[in-house]
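If you want the building blocks of each chain, they are given just below.
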Amino acid sequence: MKVTLQNLTKVYPARDKKSGKEVVAVNDFTFQIPDGKLIGLLGPSGCGKSTTLNLLSGLQTPTSGRIFFGEDDVTDLPAENRGVGLVFQNYALYPHLTVLQNILFPLQNLKGKDKLTKAQMLQKAQEAAKLVQIDTLMDRKPNELSGGQQQRVAIARALVKMPRVLLLDEPLSNLDARLRLQTREELKRIQTETGITTVFVTHDQEEAMSISDMIVVMKDGVIQQIGKPQEVYDEPANLFVAKFLGTPPINVFSGAVKEGRLYIGEAAVLDVP
């Protein structure tokens, strides 16, 4: 499913009524997500990446701009009618339900022509569980699972209805380092196998670089650069992107251009016509 964002803007009213300054969380965001790709929304806390995800999902309404899934304008469509799967940072599993019941929950709420028989629902739940490798844990409750297993249940629940678009909001941030590495590889495998267009929000540049087909670097609600991970790393569009990507971080020197030459300190290091 191709996803198109056209001049998407989200403005929150001023908290301080004296200053009257509005907060622009997402500023004129325009981007087309190709069908079947995994896109990483990357940036520091407060850059607008989660707000962009919430606008995509329908949990928030844009101040201006349009959202298209394929050729369908979904901007004014409620979240439940958009056909999205959403995985939160904190898993949001139902503690009183088993793994199977958690995965079945979205299917049990389908109505009309989409309504499934009990046998169909069970089959889909088993397929989703097998995809994320938790099919042997179906009778357990969430509190009997590790963090990584709980995350897999949340992913299976989002995948079970085969959404048009899968949205992941920092899904690995609660996991330890080794488990994060393992789970992000699993996420890439699952996305490749299903072919579902996926948007992955993270502030971890290593995470975004390792699994994304393309990354969108954001700062203060504005897109700084879009491209393949290696391209963005090799050819940063500005100083912010250059500093944000890479471990260890890039070296930065203060310089001056005089008479067609670049000087660092007293040394002329480069001709700059």
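For the structure, check the block above.
To keep things clear, this report deals only with the structure shown in the data block. Here the residue numbers are simple positions, counted from 1 along each chain's written sequence. Restriction of local features to residues with pLDDT of at least 70 applies here, the model being predicted, together with a cutoff of 80 or more for giving and counting side-chain atom pairs; totals for whole chains, interfaces and linings are based on all residues. The side-chain numbers reported here are obtained from all heavy atoms of the structure, hydrogens and water having been left aside.

## What about the packing of aromatic side chains?
The aromatic pairing rule takes the rings of Phe, Tyr and Trp, using the six-membered ring of Trp, and pairs them if the centres are within 6.5 Å, calling planes under 30 degrees apart stacked, those over 60 edge-to-face and the rest tilted. Under the defined criterion, the tally for this structure stands at two aromatic pairs. Ring centres of tyrosine 94 and phenylalanine 105 lie 4.8 Å apart, and the angle between their planes is 45 degrees; this geometry places the pair in the tilted category. One end of the pair, tyrosine 94, is in the loop between strand 6 (84-87) and helix 2 (99-108); the other, phenylalanine 105, is in helix 2, and eleven residues separate them in sequence. Exposure is judged per residue with a 1.4 Å probe applied to protein chains only, and the accessible area is read against the type maximum: over 50% gives exposed, under 20% gives buried, and values in between give partly exposed. What makes tyrosine 94 partly exposed here is its relative accessible area of 31%. Aromatic pair phenylalanine 240 and phenylalanine 244: ring centres 5.5 Å apart, planes at 20 degrees, arrangement stacked. Remark: phenylalanine 244 and phenylalanine 240 occur in helix 8 (residues 239-244); sequence separation between them is four residues, near one turn of the helix. Both residues of the pair, phenylalanine 240 and phenylalanine 244, belong to the buried class. Here lysine 258 stacks its cationic end above the ring of tyrosine 263, 5.0 Å away from the centre of that ring. Runs of H or I in DSSP of at least four residues are treated as helices and runs of E of at least two as strands, each being numbered from the N terminus. Note on criteria: charge over ring means Lys NZ or Arg CZ within 6 Å of the ring centre, with the direction from the centre no more than 35 degrees off the ring normal.

## Let's talk about the pairing of strand 3 (residues 38-42)
Among the five residues in strand 3, five count as buried, and that is most of the element. A pair of strands counts as paired when DSSP detects no fewer than two bridges linking them. Where strand 3 and strand 9 (residues 214-219) come together, four bridges link them in parallel fashion. Within strand 9, the position partnered with leucine 42 by the bridge is valine 217.

## Regarding the pattern of salt bridges
Only one rule defines a salt bridge in this text: a Lys or Arg side-chain nitrogen within 4 Å of an Asp or Glu carboxyl oxygen. According to the stated counting rule, one finds 13 salt bridges in the structure shown. Note that aspartate 114 is salt-bridged to lysine 113, the shortest N-O span being 3.6 Å. Taking relative accessible area as the criterion, lysine 113 reaches 78% and is therefore assigned exposed. With a closest N to O distance of 2.9 Å, arginine 180 and glutamate 207 form a salt bridge. Taken together, the residues span a long stretch of sequence, with arginine 180 in helix 5 (residues 177-194) and glutamate 207 in helix 6 (residues 205-211) at a distance of 27 residues. Here the two residues arginine 180 and glutamate 207 agree in accessibility, since each one is buried. One continuous salt-bridge network, built from bridges that share partners, spans Arg152, Glu186, Arg189 and Glu193.

## What about the packing of helix 4 (residues 147-159) against helix 5?
A pair of packed helices is captured by two measures, namely the crossing angle of their axes and the spacing between those axes. Running from N to C, helix 4 and helix 5 point in directions that differ by 20 degrees, and their axes come no closer than 11 Å. Classified by the angle their axes make, helix 4 and helix 5 are roughly parallel. Of the two elements, helix 4 crosses helix 5, and the hand of that crossing is right-handed. Side by side, helix 4 and helix 5 meet where Gly148, Arg152, Ile155 and Leu159 of the first sit next to Leu179, Gln182, Glu186, Leu187 and Ile190 of the second. Axis angles are defined between N-to-C directions and span 0 to 180 degrees, where every axis is a line fitted to C-alpha atoms and, for a helix, only to the segment in contact. Here the word oblique covers every angle except those under 35 degrees (roughly parallel), over 145 (roughly antiparallel) and from 65 to 115 (roughly perpendicular). Helix crossings get a hand from a simple test, with the near helix turned counterclockwise from the far one by less than a right angle marking a left-handed crossing and a clockwise turn marking a right-handed one. By definition in these notes, contact holds between two residues if any of their heavy atoms fall within 4.5 Å.

## Considering the nonpolar core
Generally speaking, nonpolar side chains in soluble globular proteins are found buried as a group. Here, nonpolar core refers to any group of buried Ala, Val, Leu, Ile, Met, Phe, Trp, Tyr and Cys residues whose side-chain atoms link them within 4.5 Å. In this structure, Ile103, Ile134 and Leu159 are the most contacted members of the largest nonpolar core, which totals 35 residues. Looking at this core, the element that brings in the most residues is helix 4, giving six residues. Apart from the residues within four sequence positions on either side, isoleucine 103 is in contact with Ala125, Ala128, Ala129, Ile134, Met138, Val153, Ala156, Arg157 and Val160. Grouped together as the second largest cluster of nonpolar side chains are 24 residues, Val3, Leu41, Leu86 and Val199 included.

## Topic: the sheet that holds strand 13 (residues 267-271)
The strand order across the open sheet formed by three strands is 11-12-13, and the pairing between neighbours is antiparallel. In this open sheet, the two edge strands, each paired with only one partner strand, are strand 11 (256-258) and strand 13. Each neighbouring strand pair of the sheet contributes to a mean axis angle of 40 degrees, computed without reference to strand direction. The pairing of strand 11 with strand 12 (residues 261-264) spans three bridges and is classified as antiparallel. When the sheet's bridge partners are listed, lysine 258 is paired in strand 12 with arginine 261.

## Describing the sheet that holds strand 9
Taken together, six strands build an open sheet; the order of strands is 6-7-8-3-9-10 and the sheet is mixed. Of all strands in the sheet, those with a lone pairing partner are strand 6 and strand 10 (222-227), marking the two edges. Between one strand axis and the next, the sheet turns by 15 degrees as a mean value, whatever way the strands run.

## Some points on the side chain of threonine 198
Relative to the helices and strands, threonine 198 resides in strand 8 (residues 197-202). In this structure threonine 198 comes out as buried when scored by relative accessible area, which is 2%. A distance of 2.9 Å separates a polar atom in the side chain of threonine 198 from the backbone oxygen of isoleucine 196. Not counting the four nearest positions on each side in its chain, threonine 198 is found in contact with Lys37, Leu38, Ile39, Leu166, Leu168 and Gln191. Here a polar contact is recorded for every N or O atom pair within 3.5 Å, except that within protein the pair must consist of a potential hydrogen donor and a potential acceptor, and residues adjacent in sequence are included only if both atoms are side-chain atoms.

## Quick word on helix 2
Counting buried positions along helix 2 yields seven of ten residues, so the element is predominantly enclosed. All buried positions along helix 2 are accounted for by Val99, Leu100, Asn102, Ile103, Leu104, Pro106 and Leu107.

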